[in-house]
Structure formats: structure tokens, C-alpha cells
Amino acid sequence: MWIDDTMSFHPLMDYGRAHHQSSRSMADEGPAFEYTAEALATLEDICSRYPAEQRKSAILAAIYLAQRQQGYISRNAMKAVAAAIRCTTADVEDVVSFYTMFYQRPVGRHVLQVCRTLSCALNGAERVTAELQAVLGIAPGQTTADGEFSLFEVECLGACDRAPVVGVNDHWHECQKPEDARALVDGLKAHGAAGLTGCHLHVEKA
Amino acid sequence: MDLVLTPHVKTPNGFTLDFYTKQGGYEALRKALAMTPDAVVDIVKASGLRGRGGAGFPTGVKWQFVDKKSPKPKYICCNADESEPGTFKDHVLMERNPHLLFEGCLIACHAIGAKVAYIYIRGEFYHVQEVLEAELAKARAAGFIGKNIFGTGFDCEIYVHRGAGAYEAGEETALIESLEGKRAQPRLKPPFPAIAGLYGCPTAVNNVETLCNVPPIITNGPEWFAALGPEKNGGPKLYCLSGHVKKPGTYEAPMHVTMRELIYDPKYGGGIRGDRKLKAVIPGGSSVPILLPHQLDIPASFDGVASAGSMLGSAGIIVMDETTCMVWAAENLLYFYKHESCGKCTPCREGGAWLHNLLGRIERGEGHMKDIDLLLSVANNIMGKTLCAFGDAAATPVLTTVQLFREEYEAHVREGRCTLPADWRAASRTLAAH
């Protein structure tokens, strides 16, 4: 037996108890969902980029379009994606549940994603998260009661030279210092995405 | 050396089609289209260009393997899923020099007989994708992409395909799976993509930086390219410096440059922040073994870094100073690997989580001395036992830190606490349930 006295795991570790329980949860049915005509036209354009018999290649795009429309992917949205892509709802759920950028429950208007991987962590990302938690009053994974902000810790965003990076919806807010957390939140409240000062938005002005 | 890939990254509007054509852009494509596909492959082979994504495999050889006799369509997939922690060079190329990438894609398509190239870009690079799409439209309108390019009868399309957040999609067969609309999970190899890749068709998957090197090779010749660097490590290279350096950023240099120069030279990293002591360097993205301060006088080339027992990988150089706790660093990285494991192979899916839990326990001061050997045991049971290199990547941070900093692990266990709680870390942290 490979687990013997010399190889025992710590009795206080909760790993074994929690890990082997399935964490699968069904998506909420959500409100009725139908793609807008504009979204369907965009989707058809994207489908034309792939061979006609490979329509499934556009599934990520179809899910993005549904998410842009509804903010998250409900079971009804999955059904609409399946109809548009001509696959099963299970195919859609399979994909939605794999990729981190698809939300299976509603998120805030501003989704703050603090990169927690090594280069950002070496530059204080843990403290950025702690400050944002304090300012927003929520833990990572939660959304504020007014539906304005969600906070997530995410894996390497690929901007390690401008660490720590905070993804804000589809943008980056770079070189974030812990002490600037309140300014970031206030700026978003007051000006939306225009309140961001991430360097990639300003490269042409240099 | 004059910069080859990034001369205009800071020039206003340096990314536009107008600017690119004024610099002689798309002339390499014209030159390549006048050659036979085999001649293009031979030139790239002669240049010795090695893949910039991590493995360093010769690009010309990869193209030669593509089954040209197959009646099926051929595909170029550009791997722009830059996700290796510490790596951010492709993002710069795409945002600031997109036409160089398009030109590389088109020449690659000509070389392997493909009519379509897909640029698989990671979902988090949405603002980069907007640049790519806008510039693609301009190149298409100008006739560089589309039907009958330069009147040669060569048809070629380039499409951008957006991923949705999966580190594993950077593995070439997982990238293909994702492009096909499935979970990004690797395939059993063989068959390799050159025989059966996208939609079961012959496919070459090349990194962004690799493809960006192709136009200058066609323009200046393979000898010029090979002569830029040490033997078998030719050409310009982009290095990504991050962590505790004074000037983090993307730097272009020939592979003669040493690791020490990259970290300390004022032209590059400029030394350690706060003039603290250097403790450890991860030279090629988070998946490779650590180099110690006395090992830095080596060329930052594929072979140079390999001779020191590590890998150049994606050239993501993560610098850690003396305030960095190595148990914490390993825990940080293993959280990444546990989170990003695609779940297909048991050793990686289960082992990564075990490793992270063990590391967390030691870091919190609740570990036992036996745990250190247990870490090695679990890591060695992942190493080499998975379909793709992810398993090795997950085991490496553990093996390398235990091997080089075992006394730090022992101190954590002995004193029942983290012995190096740096002030840039949070006092206590809550990680979200994942």
C-alpha cells in the first residue's frame, strides 16, 4: 500500500473530504433568453470564418455574445447558444463550465479581477486584493449588494511588467498600488471605464 | 544590434498599416510569394529559427513535417494564447506590430500550402484583439489578405479567434481542441498536428514571436538571421523581465546576452529593486527550474540556459529578491497549476491539488518534516506521467524549490510559521473558493 505510516497525510487536512464530492452545479434557468437580431448577424459573420461543417468552432463567440447581452450564462442562454450553434445544451454547458471568462451567475457592472500569480504577487497583489476587499466590503468571488462591483482573483493576465494588474471588464488597469484601491473604485463609480488609467489605454498619448 | 521585432513599439501610430508599409512592410511576403513553398521552408530551416513559445523546436522542420500530399486543407494556427506566468512579449508584438505577425502568418501559409490562418488569442487580451481586428480589416482592404494577393493567385485569409480563459489552451493540441469549440484539453500524440491537427487536417501551430521572425528572415536571408546569435540560437529574442527588478518590461536582444546582463544592465532590468540581494531567478516562465545568483553568467539562449540545468522556455524571467519566501512562491505557483489543470490526466489533476495543499500547510506553519519528502514523492509521480507538458510544469516549482531551498522548508516546519513574511504580502489572506 502506498499510503502507510511514513506517508500519511495530515489528519487535519480537509482535502480528502471535500475534494471527492462533486462540485457540479446546474446553471440557473434564468429569464427567457433570445439573441438580438444584431447578435445573430454578428454570430453568422463569425461562423463564416470556419468551414461550414465546423460551426461549433464559433461556440466561444456565441457564448460571449450571450454573456454580453445578459451579463451571465443562464440555462436558457445555453439553450439559445445550442440552437444557434446547432449542438446540444450539454455541449454548451461543457464549454461554459471549463473556461474562466464565462460567468454562470450574475456579476456586477464592474468586474474587478486582480491577478494573483507570482509576478503580480511579488509586487503586492495580495495587498491590492485585501484593500479592494476592505473598500468594497466583499470577499473575492462576491458581488456588492448594489450590483456595481464584483471582485475576483484571477491567474496571470500576461502584463507582469506592469504588476500588479487588475482586469476591469475587458480592460486592464495596470501598476495598481494597494493605497490606490479607493481611487480605482471611486473612479469607476464616477466615470465608468473612462476612470481607468491603465497604461495600455494611453500609449498613443506618450 | 538594431532592433528587428520591436523598433517602433514606442512610436506613435507605429502599429498602423500606413506606418508598416512605409517601412517596407509586406515586401517580404511579395518576395516569398515569388518563391516555391519548399524554397521558403528551406530558407526558414537554414536560418535555424527555433520556436519562441517554449519548446524551441526548429520552425522549418515543423513546417516540413506538414503533410503536403494530403488532399485535406492545411492550416496555420498562431498561438497567441500567451498565458505562461511571467510572459508578456507576444502581447507587445500584437498590440504594437500586428502587421509583422500578419505577414508572418501569410508567408507561413504559403510555405505549408494553407489558405487560412487562425490567430488564437487569449480572451483576456480583448483590447489587443481590437487592434488586431482593426488592422486586419485595413490589410484586407489594401489587398495584402484575401484573394489573389499581389496578383500571384495566392488566396489567404487570417481570422482572429478569441479564447475564454484557459492556460491549457496554450498547449498546441489543446489549442486546436479549443478552436474546434471544445474544452481546451490536450490530445494524445501521435498523430502530431502536422498530420492530423485542426479538423483532422495537417496543421502547423506557431507562436506569435516565431511567426514575427519569418518576414525578416525572408528579407535579410537565413545567414543574417543565424549570425545574430550564438550557434543554433540565431535571431533576435524578446525577453520578459518581471518581479523585483528596477525596470520590468519586454526587451529585445540577441541570445548572446547573458542572464546577468538582462537583470543588472541599465539597458535592461537595471538591477534589483531597492538594491536588495538577488535570491532566485525563474528564467523561462513559471514552469522551469530556478537559477541561483551564481549561475547567471550564461547566455540567455535555448542552449545556454539548458546548460545551467533550466530552460529558456518562453523567456519570461521572474526575478525574486532576498525578501521572497520560496515556500510561499511555490505555493503561489501551485495554486496556479491546480486552478489551471484541464483535468484530463489524473496525476496532474489530483497531484497538483495535493501539492498545493501540502505547500499551504507548510507555509501556514502546520507542516511536518515528512511533508517535504511527500512533496517530492507527489511531484515525481506527476513528472513525465501526463499527456502534455503541464504535469511537468506543475511539478517543477516544487522540485526546484525543495532541492535548492530545503532549509527554508525545514525552518517553516521547525518554527511553525513562515520565516520570511515580506511586507509586500498581505498579513492574512482569503483565497476565493475556486
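Just so you know, the residues in each chain are numbered from 1, in the order the chain's sequence is written. In the order they appear in the text, chains get letters beginning with A and ligands get numbers beginning with 1. Restriction of local features to residues with pLDDT of at least 70 applies here, the model being predicted, together with a cutoff of 80 or more for giving and counting side-chain atom pairs; totals for whole chains, interfaces and linings are based on all residues. Hydrogens and water molecules were not included; the side-chain quantities draw on all heavy atoms of the structure.

## Quick look at the confidence of the model for chain B
Inference 1: pLDDT runs from 0 to 100 and stands for how confident the predictor is about each residue. Of the residues in chain B, 98% have a pLDDT of 70 or more, and the chain-wide mean is 95.
Inference 2: Contact criterion: two residues are considered in contact whenever any of their non-hydrogen atoms come within 4.5 Å of each other. Scored below 50 in pLDDT, residues 430-434 of chain B shows 13 contacts in the model against residues more than four places distant or in partner chains.

## Structural notes on the domain arrangement of chain B
Residue and element names in this part refer to chain B.
Inference 1: What the domain assignment lists for chain B is domain 1 (17-227), domain 2 (236-321) and domain 3 (326-415).
Inference 2: Each partner contributes residues to the interface: domain 1 has 18 residues there, and domain 2 has 20 residues.
Inference 3: Buried surface at the junction of domain 1 and domain 2, both sides included, amounts to about 1,400 Å², of which 56% is carbon and sulfur.
Inference 4: When a carboxyl oxygen of Asp or Glu lies within 4 Å of a side-chain nitrogen of Lys or Arg, that pair is called a salt bridge. Run the count over domain 1 and domain 2 and you get 2 salt bridges.
Inference 5: One salt bridge connects Asp-303 with Arg-50, and the closest N-O pair in it is separated by 3.4 Å. In this entry, domain limits derive from an automatic or database-based domain assignment. Take the accessible area each of two parts loses on contact, using a 1.4 Å probe, and add the two losses: that sum is the buried area.

## Brief notes about the sheet that holds strand 7 (residues 249-254) of chain B
Residues and elements named next belong to chain B.
Inference 1: In this description, strands pair whenever DSSP reports at least two bridges between them. By definition, any uninterrupted DSSP run of H or I lasting at least four residues is a helix, any uninterrupted run of E lasting at least two residues is a strand, and each is numbered from the N terminus. In spatial order, the strands read 7-6-9-8; together these 4 strands make up an open sheet with mixed pairing. Unpaired on one side and paired on the other, strand 7 and strand 8 (278-282) mark the two borders of the sheet. Strand-to-strand twist across the sheet, computed as the mean angle between neighbouring axes with direction ignored, equals 30°. Axis angles are defined between N-to-C directions and span 0 to 180 degrees, where every axis is a line fitted to C-alpha atoms and, for a helix, only to the segment in contact.

## As for helix 17 (residues 406-415) of chain B
Inference 1: Throughout this description, buried means an accessible area under 20% of the type-specific maximum (1.4 Å probe, protein chains only), exposed means over 50%, and partly exposed covers the range between. Inspection of helix 17 of chain B places Glu408(B), Tyr409(B), Ala411(B), His412(B) and Val413(B) among the buried residues, and these make up the whole buried set.
Inference 2: Gly416(B), located one to two residues past helix 17 of chain B, shows a positive phi value of around 65°.

## Quick word on the layout of surface pockets
Residue and element names in this part refer to chain B.
Inference 1: Buriedness for pockets is judged along seven lines, at least five of which must meet protein on both sides within 12 Å for an open set on the 1 Å grid over protein atoms alone, while cavities are sets there where a 1.4 Å probe fits but cannot get out, and lining residues have an atom within 4 Å of a point. Grid points are joined across faces, edges and corners, and a volume is the space filled by probe spheres set on the points. Estimated volume of the second largest pocket: approximately 1,300 Å³.
Inference 2: Taken together, 48 residues line the second largest pocket, and the ones lying closest to its centre are Gly-53, Gly-54, Ala-55, Gly-170 and Glu-171.
Inference 3: Residue assignment for the lining of the second largest pocket shows that the elements contributing at least two residues are helix 4 (59-65), helix 5 (89-96), strand 5 (203-207) and helix 16 (390-404).
Inference 4: Sorting elements by how many residues they give to the lining of the second largest pocket places strand 5 first, with 5 residues.
Inference 5: A breakdown of the residues in the lining of the second largest pocket according to their chemical character gives 18 nonpolar, 18 polar and 12 charged. The residue classification treats Ala, Val, Leu, Ile, Met, Phe, Trp, Tyr, Cys and Pro as nonpolar and Asp, Glu, Lys and Arg as charged. All others, Gly included, are polar.

## Brief notes about the sheet that holds strand 3 (residues 166-168) of chain A
Residue and element names in this part refer to chain A.
Inference 1: The strand order across the open sheet built from 4 strands is 2-1-3-4, with neighbouring strands paired in mixed fashion. Single-partner strands in this sheet number two, and they are strand 2 (149-154) and strand 4 (171-173). Within this sheet the neighbouring strands show an average axis-to-axis angle of 25°, counted without direction.
Inference 2: Across 3 bridges, strand 1 (residues 110-115) lies against strand 3 in antiparallel orientation. When the bridges of strand 3 are listed, Val-114 appears paired with Val-166.
Inference 3: Along the sheet face, helix 7 (residues 125-136) touches strand 1, strand 2 and strand 3 and points at about 150° away from the line of strand 1.

## As for the domain arrangement of chain A
Inference 1: By the assigned domains, chain A splits into domain 1 (37-96) and domain 2 (110-205).
Inference 2: When each unit is reduced to the centre of its C-alpha atoms, the spacing between domain 1 of chain A and domain 2 of chain A is 29 Å.

## Observations concerning the environment of Ala62(A)
Inference 1: Relative to the helices and strands, Ala62(A) is located in helix 3 (residues 59-70).
Inference 2: Other than its neighbours up to four places away in sequence, Ala62(A) contacts Tyr35(A), Leu43(A), Val81(A) and Ile85(A).

## Considering the packing of helix 4 (residues 75-85) of chain A against helix 5 (residues 89-96) of chain A
In a packed pair of helices, the relevant descriptors are the angle between the two axes and the axis-to-axis distance.
All names here are of chain A.
Inference 1: Relative to each other, helix 4 and helix 5 sit at 115°, their axes nearing to 8 Å. Taken together, the axis directions place helix 4 and helix 5 in an arrangement best described as roughly perpendicular. Crossing handedness for the pair helix 4 and helix 5: right-handed. Contacts from Met-78, Lys-79, Val-81 and Ala-82 of helix 4 reach helix 5 at Thr-89, Val-92, Glu-93 and Val-96. Should an angle fall under 35 degrees it is taken as roughly parallel, and over 145 as roughly antiparallel, whereas 65 to 115 is taken as roughly perpendicular and any remaining angle as oblique. Definitions for this section: a left-handed crossing has its near helix turned counterclockwise from the far helix by less than a right angle. A right-handed crossing has that turn clockwise.

## What about the pattern of salt bridges?
Residues and elements named next belong to chain B.
Inference 1: Using the criterion set out here, one finds 34 salt bridges over all chains in the structure.
Inference 2: Notably, a salt bridge pairs Arg-52 with Glu-209, separated by 3.9 Å at the nearest N-O pair. One end of the pair, Arg-52, is in the loop between helix 3 (37-47) and helix 4; the other, Glu-209, is in helix 9 (residues 208-220), with 157 residues separating them in the sequence.
Inference 3: Taking the relative accessible area as the measure of exposure, Arg-52 reaches 1% and is therefore buried.
Inference 4: Relative accessible area serves as the criterion here: at 0%, Glu-209 is assigned to the buried category.
Inference 5: As a salt-bridge pair, Arg-122 and Glu-124 come within 3.1 Å of each other at their nearest N and O atoms.
Inference 6: Note on Glu-124: relative accessible area 14%, which makes it buried.
Inference 7: Members of the salt-bridge network, linked through shared partners, are Arg-52, Lys-89, Asp-90, Glu-209 and Lys-237.

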